[in-house]
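Commentary on secondary and tertiary structure
One letter stands for each residue in the lines below.
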Amino acid sequence: MTTDTEEPTLTVDELAARAGVTVRTVRFYSSKGLLPPPVIGPRRVGHYSQEHLARLALIEELQRQGMTLAAIERHLQQLPADLSAQDLALHRAVVASWAQDAAEDVSRQELERRAGRPLGEEDLERLVAMNIIERAEDTSDSLERSDSQDSMDSPDSVDSPGSSGSFRVDPALLALGVQLLDVPLAHESILAARGVLLEHSRAAARELSALLREAVGEHESVAAVKSLSAHMQPLVVQALLTTFQRSLKEELREWLTES
């Protein structure tokens, strides 16, 4: 695995906390050869990289899909050896795209523990914009505060922005989202990019659905439609991802050439 020029800095405890698993789980996967060994630093302390974290998230996702450890080992052996953390995160996203929702509800404290850093209000807004986390709205508390001006003025009833509450988070994508926090993109640009992706992905989904309906025909059973959809979904997801990656590379290449 590559390190993307970033030195391994996570201890086993930090790696486990960021991944939302136990240290025992990390060591178990390592003993089975699913996780590469850490880089041994001073005082014989092992340090793990972002690639270890992304690989661990992929292993957890494959287990949620019902794969055995032997099957996961075979799956990982088929992957290129030089995949970056971003590549692994994308692979995990494809694997999870037709699975049940794996998001978790966590507290602000737990979210920061898994992120491995304090998260300010601007950080939270960027993660929300990237669809990495969702805020859990407490509507009853909001109604109580709006009904009473006295309670709004009371220091005991007013929290600082983002100081409490819970969040719904995709654990495997959190590490990638936290890395993107340091990318110099304005919040408005992130929202605009999300809008572009939603618009065009929905348009593609509508057109593909129309093609499937035409291919199946009006007289086919519901079971036949579901069967075709189940077979097509992973193929379509992989095709979309591959096409998007190639198109993006071509656009970036043209942009850099013009510059």
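Here the structure is a predicted model, which means the values were calculated and not measured.

The rules behind these values
Residues numbered from 1 in each chain as written. Predicted model: local features only at pLDDT ≥ 70, side-chain atom pairs only at ≥ 80, totals over all residues. Heavy atoms only, no water. Helix = DSSP H or I, 4+ residues; strand = E, 2+ residues; numbered from the N terminus. pLDDT = per-residue confidence, 0-100. Contact = heavy atoms within 4.5 Å. Pairing = 2+ DSSP bridges. Axes fitted to C-alpha atoms, helices over the stretch in contact; angles between N-to-C directions. Parallel < 35°, antiparallel > 145°, perpendicular 65-115°, else oblique. Left-handed = near helix turned anticlockwise from the far one by under 90°. Nonpolar A, V, L, I, M, F, W, Y, C, P; charged D, E, K, R; others polar.

Things to note about the environment of lysine 32
With respect to the helices, strands and loops of the structure, lysine 32 is situated in the loop between helix H2 (23-31) and strand S1 (39-40). Each C-alpha atom of the pair lysine 32 and glutamate 73 lies 8.5 Å from the other, and the pair is 41 residues apart in sequence.

Things to note about the confidence of the model for the protein chain
When pLDDT is averaged across the protein chain, the result is 78; 81% of the residues are at 70 or more. For the stretch residues 1-5, pLDDT sits under 50, and the model shows 16 contacts to residues farther than four places along the chain or on other chains. Low confidence marks residues 138-163, where pLDDT is under 50. Its contacts with residues over four positions away, or in another chain, come to 15 contacts.

Some remarks on the sheet that holds strand S4 (residues 133-135)
One open sheet holds the 3 strands; their spatial order is S3-S5-S4, and the pairing between them is antiparallel. The sheet is open, and its two edges are formed by strand S3 (104-107) and S4, each paired on a single side. Between one strand and the next, the sheet's axes are offset by a mean angle of 35°, whatever the strand orientation. With 4 bridges connecting them, S3 and strand S5 (residues 166-169) associate as antiparallel partners. The residue of S5 that forms the bridge with valine 106 is phenylalanine 167. The sheet contacts of helix H7 (residues 121-129) involve S4 and S5, and relative to S4 the element is tilted by about 115°.

Structural notes on the packing of H7 against helix H11 (residues 187-216)
A pair of packed helices is characterised by two quantities: the angle between their axes and the separation of those axes. Where H7 meets H11, the axes come as close as 9 Å, and the angle between the chain directions of the two elements is 15°. In terms of their interaxial angle, H7 and H11 are classed as roughly parallel. The interaxial crossing formed by H7 with H11 has left-handed handedness. Contacts between H7 and H11 pair Glu125, Arg126, Val128 and Ala129 from the former with His187, Ile190, Leu191 and Arg194 from the latter. Split into classes, the residues belonging to the contact of H7 with H11 amount to 4 nonpolar, 1 polar and 3 charged.

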